[in-house]
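Here are the chains, one letter per residue:
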Amino acid sequence: MAKGMNEMLRNLKAEKELEALPEEEDIKVDPDKVEAGTDVTIASEEDVKPEDADAKRPKPLPKKNRRGSKKMQAELEDAKALAENNKEKYTRLLADFDNMRSRNDKENAKMFDYGASDVLEKLLPIIDNLERALETVKEEEKNPFEEGVEMIYKQLMETLKKIGVEPMDPVGKEFDPNFHNAVIHVEEEGAGENVVVEEMQKGYMYKDTVLRHSMVKVAN
């Protein structure tokens, strides 16, 4: 019985000693990092230093670096805006240049046609004289010289046609003061009113421009 009482006293003493110890805090141990047979020292959260806990966290940039980053970003945005503005100016200048070149080409072509018209108009009386000379010779009476002159006349007319000079063909068409110059008005049966019945002198067109008005006879 004395032995049993001693055992009970020892148990009570052990329980009191356990109650006197501080409560254990949550302990986190990575089993993968603990090797077999290695003594593990368990530390409470109070024993873990703040710098150790924050060691794995990404460190924020220093204030100086953050200011530099913002400045670089602002400079990049300014450079982008400047590039867009320069691109717009270049596109506008290129369009203006194309328009100016197109206007210059049209003006040059117009000046060329004006100069060509002046020269071609001076050639028309020569063509008239060739035609009159050829009309005086009958087809069956032409000699080699006259045939040669006729060939030159045809070649001249073909060349003029290639550069845009063509004679008008007003007979049978309604009189148009933009192309015709009425020199005689006649009463003619079977002809419509204000219709050209005869061409007195050939008129010519150079491209879309009247090189010389056609002198015509018009029916009333």
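Preceding block: the structure.
Description of the structure in this document. These numbers come from a predicted model, not from an experiment.

**Describing the environment of Ala 191**
Line of reasoning, step 1. Position of Ala 191 among the secondary structure elements: in the loop between β2 (180-186) and β3 (196-201).
Line of reasoning, step 2. A sequence separation of 28 residues divides Ala 191 from Ala 219, and the C-alpha atoms of the two residues are 6.6 Å apart.
Line of reasoning, step 3. Ala 191 has contacts with Val 197 and Ala 219, leaving out every residue within four places of it along the chain.

**Some thoughts on the sheet that holds β2**
Line of reasoning, step 1. Strand order in this open sheet of three strands is β2-β6-β3, and the pairing throughout is mixed. Edge positions in the sheet fall to β2 and β3, since each of these pairs with one other strand and no more. Put simply, the sheet's adjacent strands are angled 30° from each other on average, direction ignored.
Line of reasoning, step 2. As judged from the four bridges shared by β3 and strand β6 (residues 214-219), these two strands associate in the antiparallel manner. Bridge pairing in β6 places Glu 198 opposite Lys 217.

**Here's the deal with the pattern of salt bridges**
Opposite charge on two side chains lets them pair, provided their charged atoms get close.
Line of reasoning, step 1. Counted by the stated rule, this structure contains nine salt bridges.
Line of reasoning, step 2. Ionic pairing is found between Lys 202 and Glu 131, a salt bridge with its closest N-O pair at 3.0 Å. You can see Lys 202 sitting in the loop between β3 and β4 (204-206) and its partner Glu 131 sitting in helix α3 (residues 63-135), a full 71 residues away along the chain.
Line of reasoning, step 3. Taken together, the salt bridges that share partners define one network made up of Glu 139, Lys 142 and Glu 150.

**Considerations on the sheet that holds β4**
Line of reasoning, step 1. Spatial strand order, β1-β4-β5: three strands in an open sheet with antiparallel pairing. The sheet is open, and its two borders are formed by β1 (165-167) and β5 (209-212), each paired with just one other strand. Neighbour to neighbour, the strand axes of the sheet diverge by 35° on average, direction disregarded.
Line of reasoning, step 2. Note: β1 against β4, three bridges, orientation antiparallel. If you follow Val 165 over to β4, its bridge partner there is Tyr 206.

**Concerning a nonpolar patch on the surface**
Line of reasoning, step 1. Together, Tyr 90, Leu 94, Phe 97 and Met 100 make up a nonpolar patch on the protein surface, roughly 410 Å² of accessible area in all.
Line of reasoning, step 2. By secondary structure assignment, the location of Phe 97 is in helix α3.

Conventions we followed
Residues numbered from 1 in each chain as written. Predicted model: local features only at pLDDT ≥ 70, side-chain atom pairs only at ≥ 80, totals over all residues. Heavy atoms only, no water. Helix = DSSP H or I, 4+ residues; strand = E, 2+ residues; numbered from the N terminus. Contact = heavy atoms within 4.5 Å. Pairing = 2+ DSSP bridges. Axes fitted to C-alpha atoms, helices over the stretch in contact; angles between N-to-C directions. Salt bridge = Lys/Arg side-chain N within 4 Å of Asp/Glu carboxyl O. Patch = residues over 30% accessible without salt bridge, like charges linked within 9 Å, V, L, I, M, F, W, Y side chains within 5 Å. Areas by Shrake-Rupley, 256 points an atom, 1.4 Å probe, with all protein chains shown as cover.

Note that all results are geometric; they support no functional claim without further evidence.
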